[in-house]
Amino acid sequence: MKRIFRWAFLVFFIASSLPAKGYQIGIKEPQLVNLPEGYRQVIFNFFTGYYKNTVPYREGLSYDYTVQPFLSSIAGSYNLCLDVYEKNSLKEIICFSAPDGEKLADRLYRLPEKTELFKLKRQINTKPAYLKVYAPVKNFEKKLKVISRNGDLLVDYKKALNFNGQKGEGIVIKNGIINIDTVILKSPDASHLFEKLLDGYRIKGILIIKTD
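Residues numbered from 1 in each chain as written. Predicted model: local features only at pLDDT ≥ 70, side-chain atom pairs only at ≥ 80, totals over all residues. Heavy atoms only, no water.

Colleague: Honestly, the pattern of salt bridges in this entry has me stumped. Any pointers?
Modeller: Here the idea is simple: oppositely charged side chains can pair when their charged atoms come close. Taken as a whole, this structure holds eight salt bridges when the rule is applied. Measuring nitrogen to oxygen at the nearest pair gives 2.7 Å for the salt bridge that ties Glu37 to Arg40. Linking Lys87 and Asp64 is a salt bridge whose minimum nitrogen-to-oxygen distance equals 3.9 Å. One end of the pair, Lys87, is in the loop between strand S5 (77-86) and strand S6 (89-98); the other, Asp64, is in the loop between strand S3 (54-56) and strand S4 (65-74), and 23 residues separate them in sequence. The exposure class of Asp64 is partly exposed, given its relative accessible area of 29%. (Salt bridge = Lys/Arg side-chain N within 4 Å of Asp/Glu carboxyl O. Helix = DSSP H or I, 4+ residues; strand = E, 2+ residues; numbered from the N terminus. Buried < 20%, exposed > 50% of the residue type's maximum accessible area, 1.4 Å probe, protein only.)

Here is the structure:
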């Protein structure tokens, strides 16, 4: 009897510690530090669009859980923290870092490994694509990295070539600036690329379309 009681207690404890089926998560507007303003909506759309049971947080409504995302950039790397509240009490804080935008996306896909709260609506498959950059440049290095004007590293060094009609899916950047080994993007273009990375696109090379 004692053994049965212990097993019953263990099952009850595990079940009670997991989120209830049908729970609702209110996602608050993400807070940004040293990042383009456009990233705010990209992160918000990712959490409300890719995970189950997530909805935009609305003041005055009641949620089983509330999540406040914080995304920052330090020395080019990304740091993401999630303050998770159960009703009005802080339940847990989840934090992780990533050296570039592609790896940040990978870590977000694996967030369900860190907490039972989040579950992806569907598997996100990665899609290789060229980054096609229009830029007023004569020469550039054989490998280029891509950053925003804030300095966060969206894409680490990839092979760079002149565009000569290479076939394959591409992400187009109309207003790139190339400085030695770096492609610098204005906020709208950086946000566009950031969104594509979170959507599963992975850069297999950079194609430069010279505009001068």
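Resuming the write-up.
Colleague: How do you make sense of the nonpolar core when you look at a structure like this?
Modeller: Nonpolar side chains tend toward joint burial in soluble globular proteins. Core analysis: the largest hydrophobic core is formed by 55 residues, its most contacted members being Phe47, Leu108, Phe118, Leu154 and Leu193. The element that contributes the greatest number of residues to this core is helix H2 (residues 39-50), accounting for seven residues. (Core = buried A, V, L, I, M, F, W, Y, C linked by side-chain atoms within 4.5 Å.)

Colleague: Looking at this model, I keep getting lost on the confidence of the model for the chain. Mind explaining?
Modeller: As a general rule, the predicted coordinates of low-pLDDT regions are not to be interpreted in detail. Averaged over every residue, the pLDDT of the chain is 90; the share at 70 or more is 90%. Taken together, the stretch residues 4-20 has pLDDT below 50 and engages in four contacts with residues farther than four places along the chain or on a different chain. (pLDDT = per-residue confidence, 0-100. Contact = heavy atoms within 4.5 Å.)

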